[in-house]
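# Observations on the three-dimensional arrangement
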Amino acid sequence: MRRRLLVSVLTALPALLAAQATHKFPPDSLENVDVIPRSTPVPQVIATMRTFAQSLGVRCTHCHVGEDGKPLTTYDFPSDDKTPKEIARQMMRMVAEVNRRLDTLPDRDPEGLQVTCLTCHRGYVRPVPLATLMTETASTSGLDSATRTYRALRTRYYGSDAFNFSERSLNDAALRLARDNHPAEAAGMLALNEEFFPSAASIASARGTIALLKGDTTAARAAFREALRRDPNDREAQGRLRDLGAQR
Ligand code: HEC
Ligand code: HEC
C-alpha cells in the first residue's frame with residue numbers, strides 16, 4: 001500500500017515540477033513571437049498585452065498557459081497551447097492590414113483614426129451586437145437561457161462600451177425571433193425588456209408589430225394604443241394605427 005503510494009508520488013513528480021517551473025517575469029527577451037518584431041523592448045510588449053486583455057475584457061490566461069491569481073512567473077508565455085493566442089496573432093495581422101488600407105484613403109489625415117482591437121471588441125471577447133447575441137441564444141438555447149445570459153451580461157457590462165442596454169436591443173431581438181418563428185421567445189424578450197423599461201412605448205409598439213406579423217390586427221391595435229398611452233408622440237404607433245384604421 002505504502003509502496004504504491006510512493007510509486008505514484010514518484011511518477012507524478014515530473015508533472016508537479018513542470019507545473020511549478022518558474023520563468024523570469026518580465027522576461028529578458030522574447031522567445032516565440034511571430035508578429036511582434038523580436039527586437040521590441042519587453043516592457044512595450046507587456047503594455048501591448050495589457051491593452052489586448054482590456055480591449056477584450058479577458059485575463060492573460062485567456063491566451064496564455066497559467067492560472068488566474070498565481071504569480072506571472074508561473075505562466076508559460078511563449079507556449080502556443082491555447083487557440084485564442086493563435087487567433088490573436090491573426091487578429092494582429094488583420095489590424096495591421098486594415099490600417100495599411102486606411103492609410104491609402106484619399107486626403108487621409110496623417111493623424112486619422114486607426115483601427116485597434118477595441119474598435120471591434122469594445123471590452124468583450126466576441127464582438128457581437130447584443131440584439132444578435134440574444135436572438136442566437138434564445139433560438140438555440142431557449143428563453144430561460146437567454147434571460148439568464150441577458151441578466152449576467154447586464155450585471156457585468158452595464159455602463160461599458162461592450163453592449164447597448166437601451167430598450168432597443170431586446171426589441172430588435174424580439175422582432176427577429178418573431179420573424180424566425182419563435183413567438184414564445186419573442187414575447188419573453190419583450191417581457192424581460194419591460195422589466196427594465198416598464199413604460200417604454202417602443203416595447204408596446206414592438207408587441208404590436210409582432211401581432212401584425214401573425215395577422216392579429218385586434219391585438220396589434222391594442223398594443224399600438226398602449227404605446228400611445230405611454231408616449232402620445234410615438235411615431236411608429238401613430239403610423240401603424242393610421243394604416244390599421246384605413247383597412248378596417
Ligand atoms: C488576446 C490574447 C492575448 C492576451 C489576453 C494576452 N496575450 Fe500575451 N501574447 C499574445 C500573443 C498572440 C503573443 C505572441 C505575439 C507574436 O507572436 O508576435 C503574446 C506574447 C506574449 C509574451 C512574449 C512571450 C514570448 O514568446 O517571449 C509575453 C511576455 C506576454 N504575451 C505576456 C502577456 C501578459 C502579461 C498578458 C496579460 C496582461 C498577456 N500576455 C495577455 C496574446 C495575448
Ligand atoms: C474588425 C473587427 C475586429 C478587430 C479590429 C479585432 N477583432 Fe478579434 N475578433 C473579431 C471577430 C468578428 C471575432 C470572432 C471570430 C469568430 O468567432 O469566428 C474575433 C475574435 C477574436 C478572438 C477569439 C475570441 C475567443 O473567443 O477567444 C481573439 C482572441 C481576438 N479576436 C483578439 C483580437 C485582438 C488581440 C485584436 C487586436 C490586435 C482584435 N481581436 C481585433 C473582430 C475583430
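Placed above this text is the structure.
The following paragraphs examine the structure supplied in this document.

Reading the values: rules and limits
- Here the residue numbering is sequential within each chain, running from 1 through the sequence in written order.
- For naming, the first written chain is A and the first written ligand is 1, with later ones following in the order written.
- Given that the model is predicted, a residue must reach a pLDDT of at least 70 before its local features are reported, and side-chain atom pairs must reach 80 or more before they are shown or counted; all residues, however, enter totals for whole chains, interfaces and linings.
- Calculation of side-chain values draws on the structure's entire complement of heavy atoms; hydrogens and water are dropped beforehand.
- Keep in mind that water is not among the atoms, so a site may look incomplete; donors are the N, O and S atoms within 2.8 Å of the metal, or 3.2 Å for Na, K and Ca.
- For a four-donor site, all angles between 85 and 135 degrees give tetrahedral; for four or six donors, opposite pairs above 155 degrees with the remaining angles between 65 and 115 give square planar or octahedral; all remaining cases count as irregular.
- Working definition: helices are DSSP H or I runs of at least four residues, strands are E runs of at least two. Numbering for both runs from the N terminus.
- Each residue gets one of three labels from its accessible area relative to the maximum for its type: buried under 20%, exposed over 50%, partly exposed in between, using a 1.4 Å probe on protein chains only.
- Nonpolar cores were defined as sets of buried Ala, Val, Leu, Ile, Met, Phe, Trp, Tyr and Cys residues, with membership established by side-chain atoms within 4.5 Å.

Moving on, we get to the coordination of the iron atom of ligand 2. Within the first shell, the iron atom of ligand 2 binds the protein through M91 (SD) and H121 (NE2), at distances of 2.1 to 2.3 Å. With 6 donor atoms in place around the iron atom of ligand 2 and angles of 84 to 179 degrees between them, the coordination shape is octahedral. Pair noted here: M91 is in helix α3 (residues 83-102) and H121 is in helix α4 (residues 117-121), with a separation of 30 residues, a long-range link. According to the relative accessible area criterion, H121 is buried, its value standing at 12%.

Another aspect to go through is the nonpolar core. If you look at the biggest cluster of nonpolar residues, it comprises 27 residues, and the most contacted ones within it are M134, L153, F163 and M189. Of all the secondary structure elements, the ones that give two or more residues to this core are α5 (130-141), α6 (143-157), α7 (167-179), α8 (183-196) and α9 (201-213). For this core, the leading source of residues is α7, giving 6 residues. Within the second largest apolar cluster, 9 residues are counted, among which are A201, A204, A211 and L244.

This paragraph deals with the coordination of the iron atom of ligand 1. Ideal donor angles around a metal are set by the shape: a four-donor tetrahedron calls for 109.5 degrees, a six-donor octahedron for 90 or 180 degrees. At this site the iron atom of ligand 1 is bound by M49 (SD) and H64 (NE2), with donor distances of 2.0 to 2.3 Å. The coordination sphere of the iron atom of ligand 1 comprises 6 donor atoms, whose angles at the metal cover 85 to 178 degrees; the geometry is octahedral. Within this pair, whereas M49 is found in helix α2 (residues 42-56), its partner H64 is found in the loop between α2 and α3, the two being separated by 15 residues in sequence. On the basis of relative accessibility, which here comes to 29%, the residue M49 falls in the partly exposed class. Residue classification places H64 among the buried residues on the basis of a relative accessible area of 11%.

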